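If you want the building blocks of each chain, they are given just below.
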Amino acid sequence: MYKIKTMNKISNEGLKLFGDLYEVDDKFEDEDAIIVRSAKLHDYDPPHNLKAIARAGAGVNNIPVDACSDKGIVVFNTPGANANAVKELVLCGLFLSSRKVVEGIEWAKTIEDDDFGKAVEAGKKQFVGPEIDGKTLGVIGLGAIGVAVANAAIKLGMHVVGYDPYISVKAAWGLSKWVKHATTPEEVYREADYLTIHVPANEETKNMINKKTIALMKRDVRILNFARDALVNTEDMITALKKEQVAKYVTDFGNKDLVNTPNVIVMPHLGASTPESEENCARMAVTELKDFLENGNIQNSVNMPTVVEARATNYRVCIIHKNIPNMLAVFANAFAKKGMNIENMVNKARGDIAYTIIDTNDLSEDITKVIEKHDGVIRARVIAKAVF
Ligand SMILES: NC(=O)C1=CN([C@@H]2O[C@H](COP(=O)(O)OP(=O)(O)OC[C@H]3O[C@@H](n4cnc5c(N)ncnc54)[C@H](O)[C@@H]3O)[C@@H](O)[C@H]2O)C=CC1
Ligand SMILES: O=C(O)CCC(=O)C(=O)O
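In the annotation of an unreviewed UniProt entry, the chain is listed under the name D-3-phosphoglycerate dehydrogenase and assigned to Sharpea azabuensis. According to UniProt, the comment filed for the chain under the heading Pathway (unreviewed entry) is "Amino-acid biosynthesis; L-serine biosynthesis; L-serine from 3-phospho-D-glycerate: step 1/3." Entered under Function (unreviewed entry) in the UniProt record, the comment concerning the chain runs "Catalyzes the reversible oxidation of 3-phospho-D-glycerate to 3-phosphonooxypyruvate, the first step of the phosphorylated L-serine biosynthesis pathway. Also catalyzes the reversible oxidation of 2-hydroxyglutarate to 2-oxoglutarate."

If you want it as C-alpha cells, here you go:
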C-alpha cells in the first residue's frame, strides 16, 4: 500500500484514480508521496519514506525544490492544467481594470434615492472607463497562461506585444502569429496600455515590477498580476498608484496594504478555482505520482529529468544520483557482482542531478544498499512489476 498525504483539499475526481493500492489521508507521518496545492512546505520536515511531491498546479514556490533534490525527492507540477481557468480570470481582470465596474457596483449599493433610475443616470458619469479594443496588451511570460491570454486578447481586438526569453517550442507553436515579439521587457513596458505578467516567482523575476520599470511605462497603465506577489514591489506600486502613474492594479495576490489602496482590485487567489481546473490538476498530479511510484517513470518534474520507459521485466531499479562521471559503470559493476543481468538501462541528466532506471529479471535483495554506498548516489529503489 502506498500512503499519499494531502496537504490541501484535492478534487476527488483526481484522488479516485489512485485505486486500491493507495491510502489517501491528510494525517500520515510516513507518507510515500504528497499531493499539494498552495500549502507552504518550506517548514515541513519530510519523512525518510517520502519519494515524491506533486503540486496540483503550476507554481512551485511553496515547495523547497532544491532541498527536495538533495534528498532525492521528485517534485512534480501539472503544467497547463489550470491555464484556461487563469486566462478567464485574467480577462475578467482586464475588463475590471478598464471599466469601473467594481466601483460602480459598490456605489449603486449606496443609492438611497427612491428614484433609483434617476440617481443612476445622474451619478454614472463617475464610472467612465476606456474600451480595450485597439489598445496594446503587454504580456511578460509566454507559457501556458501567457499564450492563452495573448491569443484571447488578439481575438478581442487588442494589439499584443509579448516577451519571453525562454519560450518553449510548444508555447511558440501555440502563440498567435499576430503577437509582436519583443526582445526586451523594456520594449513591452514602453508600449503597453495594459500589462499582464505570467512568469514564475524566482530570483530573476522577484520585484520585476518596481519604481524603475513603472517609470518606463505609459502614464495610466493598467497592470495585472495573476502570477505571484513577489513579482511586484508593493511599496512602489502603491506610490505609483497615488501619483496616478498606474491607473489600476488588479491582482490575485493581495495584502493588507494593497486591499485598502484606491484603484487596486484584489482577488483572493482565485485563478485556478474552477471545478474544471481543480479536476484537471488533480488528475494530472495523481497520474504523475502513480507512474512514478509504480514504474519509476518521471514526467512533468521540476527537479528531475524526464524518463518514461515501458516496463519490460520483473524488476526495475531506479537510481537518483549526481550527474558525475563513472556512475553507470558503478551500477553495472554492482549488478555484475550480484549476478543480475541488465535487460534495459536508461540514464538522463538535468543539471547536477541524474536518473537511471535499470530493468532486470533478477533480483538480489540488497542491490539498493550496495548502490547507495557510492557517494554519488542520492537514492535507490526497486519496484517489482509482479505486484502491480
Ligand atoms: N493565480 C493563480 O491561481 C495561478 C497562478 N499561476 C502563476 O502563473 C505562473 C505562470 O504559469 P504558467 O503559464 O502555467 O507557467 P509556464 O511554466 O507554462 O510559463 C511560465 C513562462 O514564463 C517564462 N519566463 C520565465 N522567466 C521569465 C522571465 N524572466 N521573463 C519572461 N518570461 C519568463 C518561461 O519561459 C515560461 O514560458 C506560475 O509560475 C504561477 O506562479 C499559475 C496558475 C494559477
Ligand atoms: O491551487 C491553487 O488554487 C493555486 C494555483 C496556483 O497558484 C498555481 O497553480 O500556481
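Read on, since the account is not over.
## Digging into the domain arrangement of the chain
It is common to give the size of an interface as the accessible area that goes away when the parts come together. Here the chain is partitioned into domain 1 (1–81 + 272–304), domain 2 (83–97 + 129–266) and domain 3 (310–388). The partner domain 2 presents six residues to the eight residues of domain 1 that form the contact. In total, about 490 Å² of surface goes out of reach between domain 1 and domain 2, with carbon and sulfur atoms giving 54% of it. Linking domain 1 with domain 2 are zero salt bridges, by the criterion used here. Here domain 1 is connected to domain 2 by two residue pairs in polar contact (both at pLDDT 80 or more). Of the residues assigned to the side of domain 1 that touches domain 2, the class counts are two nonpolar, five polar and one charged.

## Observations regarding the packing of aromatic side chains
Enumeration over the complete set of coordinates arrives at four aromatic pairs. Ring centres of F18 and Y22 lie 4.8 Å apart, and the angle between their planes is 35°; on these two criteria the pair is classed as tilted. The class for Y22 is buried, based on a relative accessible area of 7%. Both rings, one in W107 and one in F127, keep their centres 5.4 Å apart while their planes meet at 50°; by these two values the pair is tilted. Taken together, the residues W107 in helix α4 (residues 101–110) and F127 in the loop between α5 (116–123) and β6 (136–140) connect sequence positions 20 residues apart. Here F127 falls in the buried class, since its relative accessible area comes to 18%. Among the aromatic residues, ring-to-ring pairing joins Y2, F18 and Y22 into one connected group. Note that R381 overlies the ring of F292, its terminal NZ or CZ placed 4.7 Å from the centroid.

Each value, and the rule that gives it
- Residues numbered from 1 in each chain as written.
- Chains lettered and ligands numbered in written order.
- Predicted model: local features only at pLDDT ≥ 70, side-chain atom pairs only at ≥ 80, totals over all residues.
- Heavy atoms only, no water.
- UniProt positions renumbered as here; feature names shortened; annotations may be inferred.
- Domains from an automatic or database assignment.
- Contact = heavy atoms within 4.5 Å.
- Buried area = accessible area lost by both parts, 1.4 Å probe.
- Salt bridge = Lys/Arg side-chain N within 4 Å of Asp/Glu carboxyl O.
- Polar contact = N/O pair within 3.5 Å; in protein donor to acceptor, adjacent residues only side chain to side chain.
- Nonpolar A, V, L, I, M, F, W, Y, C, P; charged D, E, K, R; others polar.
- Phe/Tyr/Trp six-rings, centres within 6.5 Å; stacked < 30°, edge-to-face > 60°.
- Buried < 20%, exposed > 50% of the residue type's maximum accessible area, 1.4 Å probe, protein only.
- Helix = DSSP H or I, 4+ residues; strand = E, 2+ residues; numbered from the N terminus.
- Lys NZ or Arg CZ within 6 Å of the ring centre and 35° of its normal.

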